Amino acid sequence: MAFNDVNTFDYAFDENGTGGFNSDKDLEVLVNHVSKPIAPTITESFQDVPGRYGGVFLGNSYGEKQIDIPITLFPTDRDDYNRILNNLSKALINTHDDADTQYPLRFNDQPEVVYYGHFTAIPTPKFINEGVQDCTTTLTFMLADPRGFLPQRDIKITSNDQIISPAGNTTVQPVIHIIPKTDLYYFGYTLGDKYVAVGYHVDDGSTVTDANGHITSLTPHQELQVHDPCNSMSTWVQAGQDTQAIKVYRGKNDGKATATATALMVAKDSKGHYNWGTTGKHKDFYGPVIIHQGIPKISNYWKVSMRFHHIKRMKNERAMGKVEGYLLDSNGNVCGRMGISDYAHGRYPRGYIQLGSSFNAINDKGNYLTLLYNEGGRKKNGQNHHDVKVHLTKKVTVKTISKAKKKVSKPRVKTKSKTIKTYVMETTYMNKDAYSNFFGEFSLERQKKTIGGKVYDNWVAEIQEWDPVHGVAYSPNNTNRVHIHTEKLDKSGKFGFALANVAATFMKHDIKEDLVSPKVGYYSDFETLTDLKIYTSDGSDDPDDIPHVIAHAGEEIIIDSADNTVTVAGRNVDKYVSWLSTFPPIEGDVSQEMHFTPDPANADITLEYKPAIK
C-alpha cells in the first residue's frame, strides 16, 4: 500500500536531517489525522487571600506540550503483525541512551519544523475487525521544550549598530562565533540589560562546577579595601608645610587643594586663579600635598591604582606641571611613586612608576627601582630650539626739555612715565606625546614569587589610558592608546614594604613668564586625581589575577548560550565567565540590537540560531 509522504513523520534522525525512521518506509504504519496542540499545558498560579472577594492571580506556568499521533497498522498475517510490532518497539523504545535524551520528530506536512521530545505512551494496538490483523493505536509524544524548531540560520554581524530580526515567533538561545583580528583580554555581548562577559577577573568570589561536580574556586587573591571616587576632601587631609610632611621628590608643599564633584585638584583663589603657592619662591616644583585618611589593614602584599588627568594647555608647551601619587609605609615614608611630569622647554612629558624614596639618576643610583618610565607614544615633534617671545611691558621715565621763555635763563625739564612693550627670547621644543593630554590609570602590585625555595618580590606595573568622555578604559588592543604592562623580579629585597597609606600632589614649576615683572599670564597645566583603589592580596602571582590574553588573534571563540559554555579554539574558558552572565536569548520576529566586544570591525562575528515557533 502506498502512502503520501505528507501523512508521515520522521523520528530520531541526525542533526543534518538524514537517518532515523520514517513512519511509512521504516515503521510501516499509516499516520492518521494528527491534531497538533496550540499550547503546552498551562497551570494557573492563584493565591487565596482571606477576607478578600476573589484572590490574586500570579501568572501562568507553561509545561510540556503533548502531541497524540494516531496510527494504523496493516499486517498481512500474524507473522507480519509480530514483525511490525517488533520494529516499532526497537525504534520507539530507547533504553540505551541517557534518560534525559530528547529525540527529534517532524511531520512531513510541515517538514521544516522539528520537535524535540520523547514517547511516553505506546498503547497496545486494538484490532479493527475480527479475522484480520489490521489494528490501531495512538502514540503520545511529549515535548519538555514545547517549541518547534526551524532549520538553523546564520546572521553575519558587521556593526554594533546593526538591527537583527530573527525568524520564528519566540525566544531561542543563539550560538555566537567570534574570530578576533587581535589578541583579546576580554569579550562578550550584551542584549538590553543582560549580557555575557568573559575575561580575567570579570567577577569576584565566584566558583565553577564541572560535569563531575568538581568545584574550582575563583575567590580573588585580592580584596578591595579602599575605593575612593576622589570627589570629596572628607577622606583626605592637606599636609601642612611643617606637619604631616611628605617627602615629595623635587617638590615643595605649598598652595591649596580642593575637591570637585568628580576629582581632587588644585584650588582656586578669590580671583579664579589656581593656588599653587607663592610664585618665585621655589626653585623647583611646588603645589599642595594631600594624604589619604588611611587603609583598614596594613598589607605586605597589595595593589594600588590611581587615575590621573594631565593636560598641557599652553600652546607652546612651555608650562611645567606634575601630578603624582606616593606610596607610604607605616612610618609615613615614601616608598614609591607614580604619575606624570613635564620637562623644561616644552620637551616630552613622561609617565612613570618607581620604587624608592628619592629618584635622582646621579645621586640615588642603585637606591631606587624604575618599573616604568617612558614617553607615551603619539609623539609629535615640534620645532626644536624654537625661539618664542615672552612679551613684557615696562614703565620707563622719559625726560623732555622745553625751550626757555623770555626772561628765563634756563630751559624747562619735564619727566613723565611711559609704558613700552618689549620681550625676552626663550626656547621651546614644542614636543607633544600621549601624556600631554592624558586620562588614565596607573597601578602597581606587589606579589611574591618562590624560586628555588626562596621568596622574592615580583612587581607588576601598568599604565592604562581611559576614555575621558565615557569613563571606561580603552581596549588593550587599541594600538593608538597607552597600555603598558611590565613585571620585574627583585631579588635584592631592597624595595619591598607593607603598604599603609597613599598621598598625592598637584604641582607646577615656574617658567620665565612667572619670573618677569610684571608676570605674563598663561594657561598652567590641568591636573586631577579622579579615582583611588587599594587592594590587599595574598601575594599570589596566579596569572588569573593578572591581565592576560585569553583569546589570540585568529582563534575561534564560541559562546553557546544554549549550554551556557564558552570555548576558545576548543579550550573551555568557563572559569573566566562572569557569574552574572545570563546568556540572554534572542526574540523571534522582534527587531533588537546586540552589542559585541570586540567591535565587529575588529573581528568576524556570526550569530547562529535555530528559529522556533510557539
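What counts, and where the lines are drawn
- Residues numbered from 1 in each chain as written.
- Predicted model: local features only at pLDDT ≥ 70, side-chain atom pairs only at ≥ 80, totals over all residues.
- Heavy atoms only, no water.
- Pairing = 2+ DSSP bridges.
- Helix = DSSP H or I, 4+ residues; strand = E, 2+ residues; numbered from the N terminus.
- Axes fitted to C-alpha atoms, helices over the stretch in contact; angles between N-to-C directions.
- Buried < 20%, exposed > 50% of the residue type's maximum accessible area, 1.4 Å probe, protein only.
- Lys, Arg positive; Asp, Glu negative; His and termini not counted.
- Salt bridge = Lys/Arg side-chain N within 4 Å of Asp/Glu carboxyl O.
- Polar contact = N/O pair within 3.5 Å; in protein donor to acceptor, adjacent residues only side chain to side chain.
- Contact = heavy atoms within 4.5 Å.

## A look at the sheet that holds strand E45 (residues 595-597)
In a beta sheet, neighbouring strands pair by backbone hydrogen bonds and run either parallel or antiparallel.
Reasoning step 1: Spatially, three strands are ordered E17-E16-E45 in an open sheet, and the strand pairing comes out antiparallel. Strands with a single pairing partner mark the edges of an open sheet, and in this sheet they are strand E17 (194-199) and E45. Taking the axes of each pair of neighbouring strands and ignoring which way they run, one obtains an average angle of 5 degrees across the sheet.
Reasoning step 2: Two elements, strand E16 (residues 186-191) and E45, share three bridges in a ladder whose sense is antiparallel. In the sheet register, threonine 190 faces E45, and the bridge partner there is histidine 595.

## Notes on the side chain of aspartate 228
Reasoning step 1: As for its position among the elements, aspartate 228 is in strand E20 (residues 222-228).
Reasoning step 2: Of the side chains bearing the opposite charge, lysine 533 lies closest to the buried aspartate 228, which forms no salt bridge; the N-O distance is 10 Å.
Reasoning step 3: One polar contact links the side chain of aspartate 228 to the main-chain amide nitrogen of cysteine 230, over a distance of 2.7 Å.
Reasoning step 4: A distance of 3.1 Å separates a polar atom in the side chain of aspartate 228 from a polar atom in the side chain of histidine 292.
Reasoning step 5: Leaving out residues up to four positions away in the same chain, aspartate 228 has contacts with Thr235, Trp236, His292, Asp531 and Leu532.

## What to know about the sheet that holds strand E12 (residues 153-157)
Reasoning step 1: With antiparallel pairing, six strands are arranged side by side in an open sheet as E12-E46-E15-E40-E41-E42. Each edge of the open sheet carries a strand with a single partner, namely E12 and strand E42 (571-572).
Reasoning step 2: Pairing analysis gives four bridges linking strand E15 (residues 175-180) to strand E40 (residues 557-560), with the strands arranged antiparallel. Counted as the bridge partner of valine 175 is aspartate 560 from E40.

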